[in-house]
Amino acid sequence: MEYLRLALDEAKKCTPSPTAFCVGCVLTASYPPGTEPVILAQGYSRELPGNTHAEANALTKARQLSQAQLAELFPNAPHPIDIDIILTHADIYTTMEPCSVRTSGLSPCADAIIAARIKRCFIGVGEPDDFVKCEGAQKLKDAGVEVKWLNGLEKECLEVARMGREQ
Ligand SMILES: [Zn+2]
């Protein structure tokens, strides 16, 4: 829940859009497995250039970490530290269900999470059918990602997602 709150803080950084949601995301990882999780990267909708999404942005930022930054985050990991391995020990916390369809031609976040072999996905609220029908959670589950719906912040996640629009 602590990480979902952080993800909400990220979502609040979004520039509101009439045609897209404002979503925030936090990527954590425990490596070596069993150690305390650390925050690998955070992201929000449209943070990186283009019509980018929170989850994809967090993954992009994680992959941009230098060896020095990774060594600081994971002092006990064997060197060189492979971000692709770290990601297989990562959890993603997102304020809204990762998208399964993108009309823009960019690849859906659910696919990016699956491709990165993220272990677990914690979701603040399901994606309402404002724009498209979302099947992200099901898609993740089908691919073997553990999906956990977090209770308690649904209303806040949805309010932030619809920032700048009529409710
Ligand atoms: Zn997305």
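Not measured: the values here are computed from a predicted model.

K.L.:
Just checking my understanding: could you explain the coordination of the zinc ion for this structure?
P.N.:
By definition of the ideal shapes, four donors in a tetrahedron about a metal sit 109.5 degrees apart, and six donors in an octahedron sit 90 or 180 degrees apart. Taken together, His53 (ND1), Cys99 (SG) and Cys109 (SG) make up the protein donors of the zinc ion, found 1.9 to 2.3 Å from the metal. In primary-sequence terms, the residues that donate to the zinc ion follow H-x45-C-x9-C. Residue Cys99 is found in the loop between strand S3 (90-96) and helix H5 (109-115), and its partner Cys109 is found in helix H5; the two are separated by 10 residues along the sequence. The pair Cys99 / Cys109 is uniform in exposure class, with both members buried.

K.L.:
Just to check I follow, could you spell out the nonpolar core for this structure?
P.N.:
Note that soluble globular proteins tend to have their nonpolar side chains buried in a common cluster. Residues Leu27, Leu40, Phe74, Ile86, Leu87 and Ile118 are the most contacted members of the largest nonpolar core, which totals 47 residues. At 5 residues, helix H1 (residues 2-11) tops the list of elements feeding residues into this core. In this structure Leu87 touches Leu27, Leu40, Leu59, Ala62, Arg63, Ala116, Arg117, Ile118 and Lys119, once residues within four positions along its chain are discounted.

K.L.:
Even after reading the chapter, I still don't get the side chain of Thr52, so can you show me in this structure?
P.N.:
The residue Thr52 is located in the loop between strand S2 (38-44) and helix H2 (54-63) in this model. Among the polar contacts made by the side chain of Thr52, one reaches the main-chain carbonyl oxygen of Leu48 at a distance of 2.8 Å. Look past the residues within four positions of Thr52 in its chain and what remains in contact with it is Ser45, Arg46, Glu47 and Asn57.

K.L.:
Please explain the environment of Glu156 as it appears in this structure.
P.N.:
As for its position among the elements, Glu156 is in helix H7 (residues 154-161). On the accessibility criterion, Glu156 (29% relative accessible area) is partly exposed. Each C-alpha atom of the pair Glu156 and Gly34 lies 31 Å from the other, and the pair is 122 residues apart in sequence. Residues contacting Glu156, with those up to four places away along its chain left out, are Arg5, Leu8 and Lys12.

K.L.:
Mind showing me how you'd approach H1 here?
P.N.:
One turn of the α-helix equals 3.6 residues, which is why residues spaced by three or four share an orientation. What H1 keeps buried is the set Tyr3, Leu4, Ala7, Leu8, Glu10 and Ala11. Summarising the axial view, the buried residues of H1 lie within an arc of 155°, below the 170-degree limit, and thus occupy one face. Tucked into the core, H1 has its buried residues touching strand S1 (24-29), S2, S3, strand S4 (120-125) and H7.

Parameters and conventions
- Residues numbered from 1 in each chain as written.
- Predicted model: local features only at pLDDT ≥ 70, side-chain atom pairs only at ≥ 80, totals over all residues.
- Heavy atoms only, no water.
- Donors = N, O, S within 2.8 Å, 3.2 Å for Na, K, Ca; no water.
- Helix = DSSP H or I, 4+ residues; strand = E, 2+ residues; numbered from the N terminus.
- Buried < 20%, exposed > 50% of the residue type's maximum accessible area, 1.4 Å probe, protein only.
- Core = buried A, V, L, I, M, F, W, Y, C linked by side-chain atoms within 4.5 Å.
- Contact = heavy atoms within 4.5 Å.
- Polar contact = N/O pair within 3.5 Å; in protein donor to acceptor, adjacent residues only side chain to side chain.
- Arc of directions from axis to C-beta.

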